[in-house]
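Here is how the chains run, residue by residue.
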Amino acid sequence: MFRARTAQNVAINVALQWLNRFLGVVTKIVLVRLLFPNDFGVYALASGLIGFVGTFGNFGLDYAIVQKDDKATQEDYDVGMSLRILIAIGLFVVSLVVAGPWASLFDAPSVGPATQVLALVYLLGIWSFVPSTRLVTELRYRAIAVPSLAAQIANTIVSIVLAFDGFGVWALVWGVVASSAISTVVYWVIHPWHFRFSLRRKVVVPLVKYAQHLISAAVLAFLITNIDNFTVGYIWKTTQLGFYSVAYAYGYLPVSLFSGPAGQAFFPSLTKIQGDLDQLRRGFLEGFGYAMAIIAPSAIGMAVMSPEIVNILFGPNWAAATLPLLILSFYGLFRAIVDFSSSLF
């Protein structure tokens, strides 16, 4: 039963990610033809700050509730949501204040307002916390597929339309904001819920105690995986960062299509057998073997075909992205091990 249910969850999550990524790939191909490398560089710096600050926004509270499985109560969700609201407001304010100095650090004034607008995702995304966590706990990945797909469609439509109208980097920014809003609305439609603000200490302490270990790992992982963007942006500025960020997105594609989704789907299933170490070990190693059998050939193929990919999909103006794409394809292969293994911890 465990193997069948886990395989089903992984298949559904991976299929969703494939569809989302397909739309994302099509979107990025169109945007690369419409926008300039500098636009992608500015967006990378703005989203980088939002991503870093955002690692504190979830605080691992969803995982803290999911690991309780059937023992999670309505009060757990109320307290978790209450904490998310307070944290999100704080992160939004911090982002507004830090955006200016952050832009000055990279000598890129347009990064400031882009960061401030992107900070809206903190306030929009928190309202999907309860329904998304409930759906994951219940292993209802078919239901989770709908808001994720709707969000990607919204991002595709908004960003491409704005890019055609000459909005530049704002096409990327408003595409993300629109996707966050649509995702939240669809989650509410699929899984309506009632919320009561609560910060009862006896519920807060266990949730935060469990989550504090996850947030430390999340911050460290984000810094490790984004320090390259910040370094490129600081030394070579936004245009070169644009080449690099687009190459990174495609070099990481074979991994994000399977390793991340499979690991996310694996976590709820592993929590159900966490008391049986032998079964836990066998289940993880079996899943890991299947994942690497798909990811390794994909990543190597991406590296070998990097000149053709850049020339055909991006165009000759993006030739500077060829070498980064080749190197980052191999990086993605090693990163896959980390992404997939995170479900075990």
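Keep in mind that what you see is a predicted model, and the values were worked out from it rather than measured. (Residues numbered from 1 in each chain as written. Predicted model: local features only at pLDDT ≥ 70, side-chain atom pairs only at ≥ 80, totals over all residues. Heavy atoms only, no water.)

The subject of this paragraph is the packing of aromatic side chains. A complete count under the given rule lists eleven aromatic pairs for this structure. Plain terms: the ring middles of F106 and Y234 are 6.3 Å apart, the flat faces sit at 80° to each other, and that makes the pair edge-to-face. Pair noted here: F106 is in the loop between α4 (74-105) and α5 (111-118) and Y234 is in helix α10 (residues 201-251), with a separation of 128 residues, a long-range link. Ring geometry for W188 versus W193: centroids 5.3 Å apart, planes at 65°, classification edge-to-face. Taking relative accessible area as the criterion, W193 reaches 10% and is therefore assigned buried. An aromatic cluster of at least three residues, connected via ring pairs, comprises F40, F243, Y250, F314 and W318. Over the aromatic face of Y77 sits the side chain of R134, whose NZ or CZ is 3.9 Å from the ring centroid. Sitting above the plane of the Y234 ring, K237 keeps its charged end 5.7 Å from the centroid. (Phe/Tyr/Trp six-rings, centres within 6.5 Å; stacked < 30°, edge-to-face > 60°. Helix = DSSP H or I, 4+ residues; strand = E, 2+ residues; numbered from the N terminus. Buried < 20%, exposed > 50% of the residue type's maximum accessible area, 1.4 Å probe, protein only. Lys NZ or Arg CZ within 6 Å of the ring centre and 35° of its normal.)

Our next topic: unusual backbone geometry. At D107, a position not held by glycine, the phi torsion is positive, near 55°. Although it is not a glycine, K237 adopts a positive phi angle of roughly 70°. On the secondary structure map, K237 appears in helix α10.

Along the chain, D78 falls in helix α4. In this structure D78 is buried but unpaired, with R196 as the nearest side chain of opposite charge at 4.3 Å. Here D78 is in contact with H194, F195, R196 and S198, once residues within four sequence places are set aside. (Lys, Arg positive; Asp, Glu negative; His and termini not counted. Salt bridge = Lys/Arg side-chain N within 4 Å of Asp/Glu carboxyl O. Contact = heavy atoms within 4.5 Å.)

Another point: helix α9 (residues 169-190). It helps to recall that an α-helix has 3.6 residues per turn; residues three or four apart then point in one direction. Its 22 residues place the ends of α9 32 Å apart at the C-alpha level, agreeing with the 32 Å of an ideal helix rising 1.5 Å per residue. For α9, the complete set of buried residues consists of V169, A171, L172, V173, G175, V177, S179, S180, S183, T184, V186 and Y187. (Expected span 1.5 Å × (residues − 1).)

Close inspection of predicted coordinates is inappropriate for parts of the model with low pLDDT. On average, residues of the chain score 84 in pLDDT, and 84% of them reach the 70 mark or higher. The secondary structure element of the chain with the lowest average pLDDT is helix α12 (residues 259-271), at 61, and the one with the highest is α5, at 97. (pLDDT = per-residue confidence, 0-100.)

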